[in-house]
Amino acid sequence: MIDDRELEVLINEVYEYHGFDFGGYSRASLKRRVDRLYQLDGFSNFSEMLSKVRSEPGYFKRMVEEITVNVTEMFRDPLFYKVLREEVLPILGTKPFIRFWHAGCSSGEEVYSMAILLKEANLLHKSLLYATDINPIVLDTAKKGIFPLQMMKQYSENYMTSGGKKDFSHYYTANYGFAKFGEDLSEKMVFSEHNLVSDGSFNEFDLILCRNVLIYFDKDLQERALCLFDESLAKLGYLALGTKETIKFSPIQNRFRQLNREKIWRKTE
Amino acid sequence: MEKNRIISGCKLLIIGGSAGSLEVLMKILPGLNTLPSFAIVLVLHRKSTEDTTLEELIAIKTNIPVREVEDKTPLLPGYLYVAPSDYHLLFEKNDVLSLDISEKVNYSRPSIDVSFESAAEIYGKSLVGLLLSGANADGTEGLLAIKKAGGTTVVQNPESAQMPTMPQNAITYTAPDYILDIEHILKFITLINS
Ligand SMILES: C[S@@+](CC[C@H](N)C(=O)[O-])C[C@H]1O[C@@H](n2cnc3c(N)ncnc32)[C@H](O)[C@@H]1O
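Treat the numbers as computed from the prediction; the structure is a model and nothing was measured.

**What about the overall build of chain B?**
And then number 1: When helices and strands are counted, chain B shows 6 helices and 9 strands.
And then number 2: Taken against the 2.2 N^0.38 rule, which gives 16 Å for 194 residues, the C-alpha radius of gyration of chain B at 15 Å falls within 12% of a compact globule.
And then number 3: Referenced to the eigenvectors of the C-alpha coordinate spread, the extents of chain B come out at roughly 40 × 35 × 30 Å.
And then number 4: Expressed as a percentage of the 194 residues in chain B, the buried residues total 57%.

Structure below.
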């Protein structure tokens with residue numbers, strides 16, 4: 001186990017040597033993740049870990065991959081997707097062209113879920129889904145659209161609860177324990193690395209989803225990310241967060257109106 | 001049990017429970033009226049999606065104000081908090097709650113061990129950990145962490161528990177400060193900081 005002081009040293013050194021700033025991350029979770037890696041890789045003391053992080057770019061890469069929490073699901077919180085389906089997409093559908101941004105998309109399950117909604121609403125052909133994350137490994141998985149087959153039962157249930165009427169298995173082909181989702185879904189997706197700590201706005205969007213990412217940030221970094229989303233949203237665009245995240249108490253809140261009990265806000269100006 | 005010292009300087013009472021623990025809480029909570037300068041956090045194994053129902057159920061049973069937990073909710077003395085389903089509940093230095101959606105621990109999210117360990121790091125001696133009925137081994141590691149950090153550990157008497165496995169496991173591996181049946185748990189809590 002590393003102590004609080006060592007964690008701060010690590011954060012500083014990572015910034016100095018690699019330009020990655022984890023200073024705004026919530027310490028409770030960050031510490032658990034670093035401890036986990038420390039144990040996983042069998043370090044016997046902190047300075048051993050530190051020098052490896054400093055001097056081996058490959059190891060630093062591994063660290064980023066391991067300390068980010070990439071757990072995700074298709075149609076996670078099905079009722080959230082139901083609201084997208086029934087209340088948000090019909091409004092966005094009146095536009096000639098729709099841009100989405102999944103910030104912190106992890107391995108892409110959320111993006112494929114959205115593509116399915118869009119396909120069923122007959123909107124996918126005029127949509128573009130940008131999906132970004134800081135972890136390049138999960139982005140590779142996302143590009144392939146290949147997920148564990150054993151999850152499909154749960155995803156199919158989620159899909160139905162979200163209001164899906166089709167046979168979910170039509171969307172993928174099963175092979176060797178994996179489910180590969182069709183290119184008809186992925187052709188409108190663009191995946192790229194983007195760091196919410198340091199990168200800026202890169203387009204204007206009609207719906208930004210950033211779910212279960214802000215929980216890993218402290219209040220200040222949350223605020224930075226929320227301002228970035230505000231900047232990147234078109235007039236009357238939507239912002240969607242995770243079920244336990246909020247824009248309450250943030251300076252952008254008075255420019256947004258909450259849709260209902262789900263964590264979806266619409267920009268009013 | 002023997003020590004019978006009154007707990008003082010407590011900032012947080014964290015309660016972990018699994019199968020059979022809700023019944024215990026339903027008996028204890030009506031007996032509590034105020035929490036003198038400490039907060040209660042409940043970490044219960046629960047099915048996802050039934051979130052609000054559990055909170056409502058608890059709110060009906062107690063005079064203590066129940067606060068919904070979202071990410072970065074401040075932890076204030078006098079209030080009761082319920083860990084939401086499908087997230088681990090963590091504690092930050094500035095008396096704020098954080099949520100985390102990482103892998104399940106002991107097949108559970110929220111995991112009692114995870115929250116107990118995190119609370120132990122922040123609250124140390126000012127922490128009381130109480131483990132109730134359950135059919136698995138979650139909570140034992142957490143109680144060990146609380147003990148190591150100087151906090152007080154309490155386990156429901158397995159004989160009074162609907163599911164004795166969880167408290168029994170904790171007793172076997174941690175030698176808790178108190179082993180109490182339901183009635184004495186209530187008395188114990190009312191004496192905290194009194
Ligand atoms: C728990 S996942 C959320 C996945 C998905 N949005 C969901 O709700 O199921 C959090 C993701 O945020 C990413 N992340 C963490 N810090 C980030 C940062 N500074 N910029 C962009 N993404 C980040 C992680 O790599 C991880 O894939």
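There is more to say after this.
**A short note on the pattern of salt bridges**
And then number 1: The tally for this structure, following the rule as stated, stands at 24 salt bridges over all chains.
And then number 2: The partner of D206 of chain A in a salt bridge is K95 of chain A, with the nearest N and O atoms 2.6 Å apart. Of this pair, D206 of chain A sits in strand β7 (residues 205–210) while K95 of chain A sits in the loop between α5 (78–92) and β1 (98–103), placing them 111 residues apart in sequence.
And then number 3: By relative accessible area, which is 29% here, K95 of chain A ends up partly exposed.
And then number 4: Note that D86 of chain B and R109 of chain B form a salt bridge whose closest N and O atoms lie 2.9 Å from each other. A residue pair is termed long-range when its members are at least 10 positions apart, and D86 of chain B in the loop between β4 (80–82) and β5 (88–92) and R109 of chain B in the loop between β6 (96–100) and α3 (112–123) qualify at 23 residues.
And then number 5: Salt bridges sharing common partners tie together D4 and K31 of chain A together with K93 and E121 of chain B.

**Section: the domain arrangement of chain A**
Residue and element names in this part refer to chain A.
And then number 1: Under the domain assignment used here, chain A contains domain 1 (4–67) and domain 2 (78–267).
And then number 2: Computed from C-alpha atoms alone, the centre-to-centre distance between domain 1 and domain 2 is 29 Å.
And then number 3: Facing the 10 residues of domain 1 at the interface are 11 residues of domain 2.
And then number 4: Buried area between domain 1 and domain 2, summed over both chains or domains, comes out near 900 Å², and the portion from carbon and sulfur atoms is 59%.
And then number 5: Interface area lost by domain 1 to domain 2 is led by G24, Y25 and E65, which between them contribute 48%.
And then number 6: Linking domain 1 with domain 2 are 0 salt bridges, by the criterion used here.
And then number 7: On inspection of domain 1 and its partner domain 2, the count reaches 4 residue pairs in polar contact (both at pLDDT 80 or more).
And then number 8: When residues in the side of domain 1 that touches domain 2 are grouped by element, the largest group, 3 residues, is from helix α4 (residues 57–67).
And then number 9: Grouping the amino acids of the side of domain 1 that touches domain 2 by side-chain chemistry returns 3 nonpolar, 4 polar and 3 charged.

**Here's the deal with the packing of aromatic side chains**
Residues and elements named next belong to chain A.
And then number 1: This model, assessed by the stated rule, comprises 27 aromatic pairs over all chains.
And then number 2: Arranged with centres 5.8 Å apart and planes meeting at 90 degrees, the rings of F43 and Y59 form a pair that is edge-to-face. Taken together, the residues F43 in the loop between α2 (27–40) and α3 (46–55) and Y59 in helix α4 connect sequence positions 16 residues apart. In this pair, the class of F43 matches that of Y59, namely buried.
And then number 3: Put simply, the rings of F75, F80, Y81, Y112, F147, Y159, F168, Y171, Y172 and F181 pair up and form one aromatic cluster.

**A look at the site of the ligand**
And then number 1: Near the ligand you find 22 residues, and of these Y25, N70, T72, E110 and D133 of chain A are the closest.
And then number 2: Close to the ligand, residues of chains A and B are found.
And then number 3: The backbone of L196 of chain A places a nitrogen or oxygen atom 2.9 Å from a nitrogen atom of the ligand.
And then number 4: Within the backbone of R211 of chain A, an N or O atom sits 3.0 Å from a nitrogen atom of the ligand.
And then number 5: Burial of the ligand by the protein chains amounts to 99% of its free accessible area of 610 Å².
And then number 6: Assessed atom by atom at 2 Å from the grid points, the ligand resides in the largest cavity.
And then number 7: Split by residue class, the shell around the ligand holds 9 nonpolar, 9 polar and 4 charged.

**Some words on the environment of I116 of chain A**
Residue and element names in this part refer to chain A.
And then number 1: Mapping I116 onto the fold places it in helix α6 (residues 109–120).
And then number 2: Relative accessible area serves as the criterion here: at 0%, I116 is assigned to the buried category.
And then number 3: Discounting residues that sit within four places of it in the chain, I116 has contacts with M74, F75, Y159, F168, Y171, F181 and L185.

**Notes on helix α4 (residues 140–148) of chain B**
Within an α-helix, residues lying three or four positions from one another point in the same direction, as the helix has 3.6 residues per turn.
Residues and elements named next belong to chain B.
And then number 1: Residues of α4 that are buried: T140, G142, L143 and I146. The arc enclosing the buried residues of α4, seen along the axis, measures out at 160 degrees, which places them on a common side.
And then number 2: Contact partners of the buried residues in α4: β1 (12–17), α3, β7 (127–131), β8 (152–156) and α5 (165–174).
And then number 3: Directly after α4, the chain includes G150, whose backbone phi takes a positive value near 95 degrees.

**Some thoughts on the environment of A170 of chain B**
All names here are of chain B.
And then number 1: Summarising the element assignment, A170 is placed in helix α5.
And then number 2: You can call A170 buried: its relative accessible area is 0%.
And then number 3: With 34 residues separating them in the primary sequence, A170 and N136 have C-alpha atoms 10 Å apart.
And then number 4: For A170, the residues in contact, after removing those within four places along its chain, are L131, T140, L143, V155, A175 and P176.

Quick notes on the rules
Residues numbered from 1 in each chain as written. Chains lettered and ligands numbered in written order. Predicted model: local features only at pLDDT ≥ 70, side-chain atom pairs only at ≥ 80, totals over all residues. Heavy atoms only, no water. Helix = DSSP H or I, 4+ residues; strand = E, 2+ residues; numbered from the N terminus. Rg over C-alpha atoms; globule rule 2.2 N^0.38 Å. Buried < 20%, exposed > 50% of the residue type's maximum accessible area, 1.4 Å probe, protein only. Salt bridge = Lys/Arg side-chain N within 4 Å of Asp/Glu carboxyl O. Domains from an automatic or database assignment. Contact = heavy atoms within 4.5 Å. Buried area = accessible area lost by both parts, 1.4 Å probe. Polar contact = N/O pair within 3.5 Å; in protein donor to acceptor, adjacent residues only side chain to side chain. Nonpolar A, V, L, I, M, F, W, Y, C, P; charged D, E, K, R; others polar. Phe/Tyr/Trp six-rings, centres within 6.5 Å; stacked < 30°, edge-to-face > 60°. Near = heavy atom within 4 Å. Areas by Shrake-Rupley, 256 points an atom, 1.4 Å probe, with all protein chains shown as cover. 1 Å grid on protein atoms, 1.4 Å probe; cavity = no way out; pocket = protein on both sides within 12 Å on 5 of 7 lines; lining within 4 Å. Sits in = over half its atoms within 2 Å of the grid points. Arc of directions from axis to C-beta.

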